[in-house]
Amino acid sequence: MTKEGLIKDFHLNHQELIQFAKSLSDDNFMFVPNGKWTAGQQLDHVYLCLHPISQALASKEFILHKFGKIDRPAWSYDLTIAKYRSALENGGKAPERFVPRPVELNARETLMMSLDELLHMICNQLTQYSDEELQALVLPHPLLGKLTIYEMISLMSYHATHHHHQTKLNLQIK
């Protein structure tokens, strides 16, 4: 996939999650399904996961110095997602810093606006990277270890659809 396609999919998948959350009634937005996360917490989790990526993307030099370049063959989108699903199936959980706090109804709009702003920032940051940099520079993932920026953004694109699907399942919406 091209850099432009990667950015487009990343943005679209997150926008679909945000639009779905906007479409929910207040009761559905706040619904706690058997100890699972509310729709608001799903959004907050996605935000919490994207925030450090944006911070890192602000400086190519920081990424290169702190994390370096990939030292293995690149993973395809399908392999990246398969490894993520396997990690989850084997008990992988979000580290504490990515676990959302309860989201109050009055924070709904602010959270969606903050996530939207973060998405635009990341998309703009990604345009500053060459295809080669996206395929070589590394960011750490808590379950999968070192991922190229390309793999990380592909995973985060999938991550948005995963939490969109989880929210629908929790609300029993098809």
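Computed from a prediction, not measured in an experiment: that's the story for all the values here.

Conventions adopted
Residues numbered from 1 in each chain as written. Predicted model: local features only at pLDDT ≥ 70, side-chain atom pairs only at ≥ 80, totals over all residues. Heavy atoms only, no water. 1 Å grid on protein atoms, 1.4 Å probe; cavity = no way out; pocket = protein on both sides within 12 Å on 5 of 7 lines; lining within 4 Å. Points joined across faces, edges and corners; volume = space filled by probe spheres on them. Helix = DSSP H or I, 4+ residues; strand = E, 2+ residues; numbered from the N terminus. Nonpolar A, V, L, I, M, F, W, Y, C, P; charged D, E, K, R; others polar. Buried < 20%, exposed > 50% of the residue type's maximum accessible area, 1.4 Å probe, protein only. Expected span 1.5 Å × (residues − 1). Contact = heavy atoms within 4.5 Å. Salt bridge = Lys/Arg side-chain N within 4 Å of Asp/Glu carboxyl O.

Enquirer: Please provide a residue-by-residue account of the layout of surface pockets, values included.
Expert: Empty space within the largest pocket amounts to approximately 930 Å³. Taken together, 36 residues make up the lining of the largest pocket; nearest its centre are His-45, Tyr-84, Ala-94, His-159 and His-163. Contributing elements (two or more residues each) for the lining of the largest pocket: α3 (39-57), α5 (77-89), β1 (138-141) and α8 (149-171). Residue composition of the lining of the largest pocket, by class: 19 nonpolar, twelve polar and five charged.

Enquirer: I'd love a proper account of the side chain of Thr-148, names of residues and values included.
Expert: Here Thr-148 is to be found in strand β2 (residues 145-148). On the basis of relative accessibility, which here comes to 0%, the residue Thr-148 falls in the buried class.

Enquirer: Tell me what's going on with helix α1 (residues 3-23), and back it up with residues and numbers.
Expert: Along its 21 residues, α1 runs 30 Å from first to last C-alpha, staying within 8% of the 30 Å computed at 1.5 Å per residue. Those residues of α1 that fall on the buried side of the exposure criterion are Lys-3, Gly-5, Leu-6, Ile-7, Phe-10, Asn-13, His-14, Gln-15, Leu-17, Ile-18, Phe-20 and Ala-21. Elements in contact with the buried residues of α1: α2 (26-30), α3, α6 (108-127), α7 (131-136) and α8.

Enquirer: Hey, could you go over α3 for me, with residue numbers and the actual values?
Expert: Helix length check: α3 (19 residues) gives 27 Å between terminal C-alpha atoms against 27 Å at 1.5 Å per residue, within 8%. Across the 19 residues of α3, 15 count as buried, placing the element largely inside the fold.

Enquirer: Any chance you could break down the pattern of salt bridges for me, citing the residues and the numbers?
Expert: Evaluated as defined, the whole model comprises three salt bridges. The salt bridge involving Lys-60 is made with Glu-133; its shortest N-O contact spans 3.0 Å. In this pair, Lys-60 is assigned in helix α4 (residues 60-66) and Glu-133 in helix α7, connecting sequence segments 73 residues apart. Residue Arg-72 pairs with Glu-151 through a salt bridge whose shortest N-O separation is 2.6 Å. Taken as a pair, Arg-72 in the loop between α4 and α5 and Glu-151 in helix α8 lie far apart in primary sequence, 79 residues in all. The exposure class of Arg-72 is partly exposed, given its relative accessible area of 21%. Since its relative accessible area comes to 1%, Glu-151 is described here as buried.

Bear in mind that shape data such as this cannot, by itself, settle questions of function.
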